[in-house]
Amino acid sequence: CGSGLSGDYISNEGHYWIGMDISPAMLDVAVEREVEGDLLLADVGHGIPFRPGMFDGCISISAVQWLCNADKKSHSPPKRLYRFFSTLYTALARGSRAVLQLYPENSEQLELITAQAMRAGFTGGMVVDYPNSAKAKKFFLCLFVGASGTLPKGLGTECADGEETHQAKFTNERTRFRNAKGKSVKKSRDWILEKKERRRRQGKEVRADTKYTGRKRRPRF
């Protein structure tokens, strides 16, 4: 929750809220500002410590991407992300939503975060504001508990007919999610060529590409 700036807006809308932050200094600022919400010093990588179905919603501003870092030897980013998403899923009432604004360093981080959210049971997708702007671009992971809802339209994404919109929707089916992310289908020719190229960059010995690479063999009788 940081210094509680977003909490002020939530309070003004007539809602009660609880804020979590790993930084004592940021929580001290929130206390000095006399925010109306309750404050909790906690590492979300250890999970959300509340009883099931306690919350109607969740927002997060520029926090989730930090769980991708391994600040200690004991830290495993996939495990910490799954712990966060699985306990958040439990703490949210069925039919509620979570919106997590984040700044992923790269596409691999983005895929790791969304994959762990999906694994925890969420549906939803990624919405991108101003996708063509280097400064104004923002990522929002919009999650649903229970039936999947309609994703909001990102700002600055007005498209002409036939152009691609900047939304990535996923369900809890792994193969459909990977296809939506633009990954090559496993065992396809493109997938094999990409894998061979990665192995070459790692300095490993790889057979040369030919017209037969990735071609399916006829079954033997």
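Look above for the structure.
This write-up is about the structure you can find in this document. Position labels on residues start from 1 in each chain and follow its written sequence. Whole-chain, interface and lining totals are the exception, using all residues; otherwise, since this is a predicted model, local features are given only for residues with pLDDT of at least 70 and side-chain atom pairs are given and counted only at 80 or more. The basis for the side-chain values is all heavy atoms of the structure; hydrogens and waters are excluded.

### Looking at the packing of helix α3 (residues 77-91) against helix α4 (residues 107-119)
Taken N-terminus to C-terminus, the directions of α3 and α4 make an angle of 45 degrees; their axes are 9 Å apart at the nearest point. Of the possible angle classes, the one that applies to α3 and α4 is oblique. Of the two possible hands of crossing, α3 and α4 adopt the one that is right-handed. Counted together, Pro 77, Pro 78, Leu 81, Tyr 82 and Phe 85 of α3 and Leu 112, Ile 113, Gln 116, Ala 117 and Arg 119 of α4 form the full contact between these two elements. Its residues placed into classes, the contact of α3 with α4 shows eight nonpolar, one polar and one charged. Note on geometry: axes are lines fitted to C-alpha atoms, helical ones only across the stretch in contact, with angles between N-to-C directions running from 0 to 180 degrees. Strands are runs of DSSP state E lasting at least 2 residues, helices are runs of H or I lasting at least 4, and numbering of each runs from the N terminus. By the definition adopted for this analysis, an angle is roughly parallel if under 35 degrees, roughly antiparallel if over 145, roughly perpendicular if from 65 to 115, and oblique otherwise. By definition, turning the near helix anticlockwise from the far helix through less than a right angle yields a left-handed crossing, and turning it clockwise yields a right-handed one. It only takes one pair of heavy atoms within 4.5 Å for two residues to be counted as in contact. Each residue gets one label: Ala, Val, Leu, Ile, Met, Phe, Trp, Tyr, Cys and Pro are nonpolar, Asp, Glu, Lys and Arg are charged, and the others, such as Gly, are polar.

### Focus on the environment of Gly 57
On the secondary structure map, Gly 57 appears in strand β3 (residues 55-61). Sequence spacing of Gly 57 and Ala 93 is 36 residues, and the spatial spacing of their C-alpha atoms is 7.9 Å. Apart from the residues within four sequence positions on either side, Gly 57 is in contact with Leu 92, Ser 96 and Arg 97.

### Let's talk about a positive patch on the surface
Residues form patches when they are more than 30% accessible in relative terms and have no salt bridge. Like charges link within 9 Å. Nonpolar side chains (Val, Leu, Ile, Met, Phe, Trp, Tyr) link within 5 Å. Residue exposure ignores everything except the shown protein chains as possible cover, and the areas themselves are Shrake-Rupley values with a 1.4 Å probe. We count a salt bridge whenever a side-chain nitrogen from Lys or Arg sits within 4 Å of a carboxyl oxygen from Asp or Glu. Residues counted as positive are Lys and Arg, residues counted as negative are Asp and Glu, and His and the chain ends are not counted. Lysine's charge is taken at NZ, arginine's at CZ, aspartate's at CG and glutamate's at CD. Together, Lys 195, Arg 198, Arg 199, Arg 201 and Lys 204 make up a positively charged patch on the protein surface. Assignment of secondary structure puts Lys 204 in the segment after α6 (189-201).

### Quick look at the packing of aromatic side chains
Here is the rule: rings of Phe, Tyr and Trp (six-membered ring for Trp) pair when centre to centre is within 6.5 Å. Planes less than 30 degrees apart are stacked, more than 60 are edge-to-face, and the remainder are tilted. Scanning the entire structure with this criterion turns up four aromatic pairs. With centroids separated by 5.1 Å and ring planes inclined at 90 degrees, the aromatic side chains of Phe 50 and Phe 55 adopt a geometry described as edge-to-face. Residue exposure (1.4 Å probe, protein chains only): buried if accessible area is under 20% of the type maximum, exposed if over 50%, otherwise partly exposed. Taking the relative accessible area as the measure of exposure, Phe 55 reaches 19% and is therefore buried. Each ring, one from Phe 84 and one from Phe 85, has its centre 5.0 Å from the other, and the planes form 55 degrees; the classification is tilted. Under the relative-accessibility criterion, Phe 84 is labelled buried at 5%. Three or more aromatic residues joined by ring pairs make a cluster, and in this case those are Phe 84, Phe 85, Tyr 89 and Phe 122.

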